[in-house]
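Structural description and commentary
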Amino acid sequence: MTSLVRYLVADVLRGQRFLAPVLVFLGVLGMLFSSDAGQPLEAYSGSSALLYPICAWTAVVVATSEDVVRREITVVSAGGWPRVLGAVAIVAVLFAVAMAALAAVWPVVTNPHPYTAGDFFVGLGSHTAVALLGVGVGLMFARPVFDAIGRTVLAVFAVVVLTYPLGRVTPLGWVLDALGHNQFSLSVLWAGVVGAVLVAGAVALGVWRT
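Heads up: these notes are all about the structure in this document. This one's a predicted model, so the numbers in the text were calculated from it and none came from an experiment.

For the protein chain, the helix and strand inventory stands at nine helices and zero strands. If you list the helices and strands of the protein chain from N to C, you get α-α-α-α-α-α-α-α-α. Against the compact-globule benchmark of 17 Å for 210 residues, the protein chain has a radius of gyration of 17 Å, which places it among compact chains. Taking the principal axes of its C-alpha atoms as reference, the protein chain extends roughly 55 × 35 × 30 Å.

Under the counting rule described, the total for this entry stands at five aromatic pairs. Ring plane angle 45° and centroid distance 6.2 Å describe the contact between F18 and F95, whose orientation is recorded as tilted. In this pair, F18 sits in the loop between helix 1 (2-15) and helix 2 (19-32) while F95 sits in helix 5 (residues 81-110), placing the two residues 77 residues apart along the sequence. Taking 5.5 Å as the distance between ring centres and 70° as the angle between the ring planes, the aromatic pair formed by Y44 and Y115 counts as edge-to-face. Pair noted here: Y44 is in helix 3 (residues 40-63) and Y115 is in the loop between helix 5 and helix 6 (117-140), with a separation of 71 residues, a long-range link.

Rules used throughout
- Residues numbered from 1 in each chain as written.
- Predicted model: local features only at pLDDT ≥ 70, side-chain atom pairs only at ≥ 80, totals over all residues.
- Heavy atoms only, no water.
- Helix = DSSP H or I, 4+ residues; strand = E, 2+ residues; numbered from the N terminus.
- Rg over C-alpha atoms; globule rule 2.2 N^0.38 Å.
- Phe/Tyr/Trp six-rings, centres within 6.5 Å; stacked < 30°, edge-to-face > 60°.

Rendered as structure tokens:
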């Protein structure tokens, strides 16, 4: 599995399609914290809201980095779709966690309000939970669930856009509500659990579709 993960990471980096979501993420993150973004946890709500669609986008990039023929070769070489889908999920989560860590560190350096260790770890946990939710949504509609990239993009876009107006009904809303009130809530932990389950469910759905 380790060699498969390393191969997929190398393939994603070589394809450079990951640059689009990463550059959008860095650009918007820079704008969010270019001035006083508010109290520590409140400031994290903006970057958490940004991270959700970015991680969904990145997950789609990871899942579709190979064309159909190359992916079939990878599946045969790796010993089946379950191993490949598991590796794809790991790679997508690695990218997402890296961005979550960056989003948690950024305001500590740039925001004029002081951050305690507790604030930082709450922010890191919140961003990780949101990142997992985004990865789960991205993988849920990617290959092999949908083979056409157009259908994948439309489905992921629709789910992401519909999530925000639903507010506290969704796990993303739990996180943003807690951070927006500048407080920690156990609902953040539950959002992380839902995100992990969503990622695992996306892998299981992909295996079932094959």
